[in-house]
Amino acid sequence: MQHVNTWRAVAAATGAADRAAAEDGVRLAYRTAGLAEPERIIWAASPKAAVETVERLSGEGRSVRDEVRTGPWAEERRRLHDELGPAGWAALWSATGAQLWDTTRELAERIRAGVVAELMERPEDEADVRLVLLDAVLGQHDAAWLAAFDGQGERLAGLAQVARNAGWWWPYENAVVISERPAELHRDEAGRLDRGDGPALAFPDGFALYAWRGMPVPAAFLDELTSLTPARIRAEENAELRRVMLEYYGYDRYLTESDAQPVHRDETGVLWRIALQGDEDVVMVEVINSTPEPDGTHRTYWLRVPPSTRTAKEGVAWTFGLGQEAYEPVRQT
């Protein structure tokens with residue numbers, strides 16, 4: 001469905017919000033819920049700044065998230081489920097919202113975790129910050145379920161309008177706090193936050209998340225990547241960060257510069273093992289492509305295999321989903 005791509009773009013949108021359009025959407029969502037329009041709409045530069053703003057609100061009444069978002073969503077889902085039947089609803093979700101669910105859910109969770117980490121000055125602060133986050137409507141990051149309801153009715157029109165034009169927002173009886181969208185978003189081909197030379201997600205006020213292939217990393221950690229050495233990699237005590245270092249540095253380069261010795265060699269290739277303190281061994285099979293490149297050379301590939309691998313052939317067989325005994329290639333390519 002074409003509108004899935006439209007909502008995919010909404011979820012990944014960066015740059016300044018269209019404040020006028022977003023505010024019109026907020027007012028429509030309130031009217032649709034049978035509520036009076038909010039007296040004040042307050043803008044914040046990021047979800048972090050929005051949480052701080054919400055914590056300072058006084059006299060703005062209770063959260064109306066249930067009336068504005070949860071109730072209409074549940075009623076529309078119930079209506080469509082009854083209209084289409086269980087199989088029809090499942091097919092609709094599979095073709096629409098399911099296409100966006102994992103990446104938008106993971107991104108929202110990362111933002112929540114980042115906000116908590118920034119605002120939790122003491123351990124007891126965590127619960128308070130998370131309670132404020134529970135009051136949020138996720139705006140553009142509600143794209144998955146909004147895609148499923150696109151064109152299905154008007155009850156969600158206000159929510160959809162805010163999502164197309166702004167980030168997260170907090171609805172209360174007398175006031176609404178709305179966050180700007182990110183200024184930058186960098187992801188890998190799998191949709192994970194990923195950037196090696198700066199924040200993977202950044203908002204206009206400087207609130208940012210750093211990640212390498214989906215894994216959260218400290219900002220200062222990225223500065224080290226361009227000057228890594230095998231000794232620095234071995235000295236890293238955090239096993240997850242050490243894996244990031246190895247991926248960035250390159251397993252083949254690390255093996256070469258560490259003067260590593262092969263542990264097994266046969267007709268399929270060479271098995272190498274990197275022992276890492278406090279972590280499982282990294283085991284690689286070095287194989288040479290039998291088909292020459294246009295210039296006559298043969299490209300070398302490095303295949304990561306399970307730590308339990310004992311022979312090169314066993315490792316190559318594993319990459320094909322086979323046991324060593326079953327792997328008997330007629331011709332290598």
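Data block above holds the structure.
The paragraphs below set out a description of the structure included in this document. The structure displayed is predicted, hence computed values, not measured ones.

Examining the overall build of the protein chain
The secondary structure content of the protein chain amounts to 13 helices and twelve strands. Its C-alpha atoms give the protein chain a radius of gyration of 26 Å, more than 25% over the compact-globule value 20 Å for 333 residues. In terms of overall dimensions, the protein chain has C-alpha extents of about 75 × 50 × 40 Å along its principal axes. Relative to its full complement of 333 residues, the protein chain shows a buried share of 46%. Long-range contacts, defined here as pairs at least 24 residues apart, represent 60% of the contacts in the protein chain between residues at least 6 apart. Computing the positive centroid from 37 side-chain charges and the negative centroid from 55, the protein chain places the two 2 Å apart.

Some words on the pairing of strand β3 (residues 175-179)
By the criterion of burial, β3 is predominantly enclosed, with five of the five residues buried. Side chains Ala-175, Val-177 and Ser-179 of β3 all project onto a buried face; the interleaved residues Val-176 and Ile-178 project onto the opposite face, where all are buried too. Inspection of the sheet shows strand β1 (residues 40-44) paired to β3 by five bridges, in the parallel sense. Within β3, the position partnered with Ile-42 by the bridge is Val-177. Pairing between strand β2 (residues 169-171) and β3: three bridges, direction antiparallel. When the sheet's bridge partners are listed, Trp-169 is paired in β3 with Ile-178. Between β2 and β3, which follow one another and run antiparallel, lie three residues.

A look at helix α5 (residues 98-119)
Compared with the 32 Å implied by 1.5 Å per residue over 22 residues, the 32 Å span of α5 between its first and last C-alpha is a close match. Considered for burial, the residues of α5 that qualify are Leu-100, Thr-104, Leu-107, Ala-108, Arg-110, Ile-111, Arg-112, Gly-114, Val-115, Val-116 and Leu-119.

Observations concerning the pattern of salt bridges
All told, the structure shown has 28 salt bridges when counted by the stated rule. Taking the shortest distance from any N to any O, the salt bridge between Asp-24 and Arg-27 comes out at 3.4 Å. On the criterion of helical spacing, the pair formed by Asp-24 and Arg-27 is a turn pair, its members being three residues apart in helix α2 (residues 19-32). Given the relative accessible area of 43%, Asp-24 is considered partly exposed. Between Arg-273 and Asp-281 there is a salt bridge, with the nearest N and O atoms lying 3.3 Å from each other. Classification of Asp-281 by relative accessible area gives partly exposed; the value is 24%.

Observations concerning the sheet that holds β3
Spatially, β1-β3-β2 is the arrangement adopted by the three strands of the open sheet, whose pairing is mixed. Whereas interior strands pair on both sides, the edge strands pair on one side only; in this sheet they are β1 and β2. Strand-to-strand twist in this sheet, taken as the mean axis angle between neighbours without regard to direction, amounts to 15°. Together, β1, β2 and β3 form the strand contacts of α2, whose direction differs from that of β1 by roughly 135°. Here helix α3 (residues 47-56) sits on the sheet and contacts β1, β2 and β3; the angle it forms with β3, its principal contact strand, is near 160°.

Details of the pairing of strand β10 (residues 269-274)
Taken across its six residues, β10 has five buried, putting it largely inside the fold. Where strand β9 (residues 264-266) and β10 come together, three bridges link them in antiparallel fashion. Its bridge partner being in β10, His-264 is matched across the sheet by Leu-271.

About the cut-offs
Residues numbered from 1 in each chain as written. Predicted model: local features only at pLDDT ≥ 70, side-chain atom pairs only at ≥ 80, totals over all residues. Heavy atoms only, no water. Helix = DSSP H or I, 4+ residues; strand = E, 2+ residues; numbered from the N terminus. Rg over C-alpha atoms; globule rule 2.2 N^0.38 Å. Buried < 20%, exposed > 50% of the residue type's maximum accessible area, 1.4 Å probe, protein only. Contact = heavy atoms within 4.5 Å. Lys, Arg positive; Asp, Glu negative; His and termini not counted. Charge placed at Lys NZ, Arg CZ, Asp CG, Glu CD. Pairing = 2+ DSSP bridges. Expected span 1.5 Å × (residues − 1). Salt bridge = Lys/Arg side-chain N within 4 Å of Asp/Glu carboxyl O. Axes fitted to C-alpha atoms, helices over the stretch in contact; angles between N-to-C directions.

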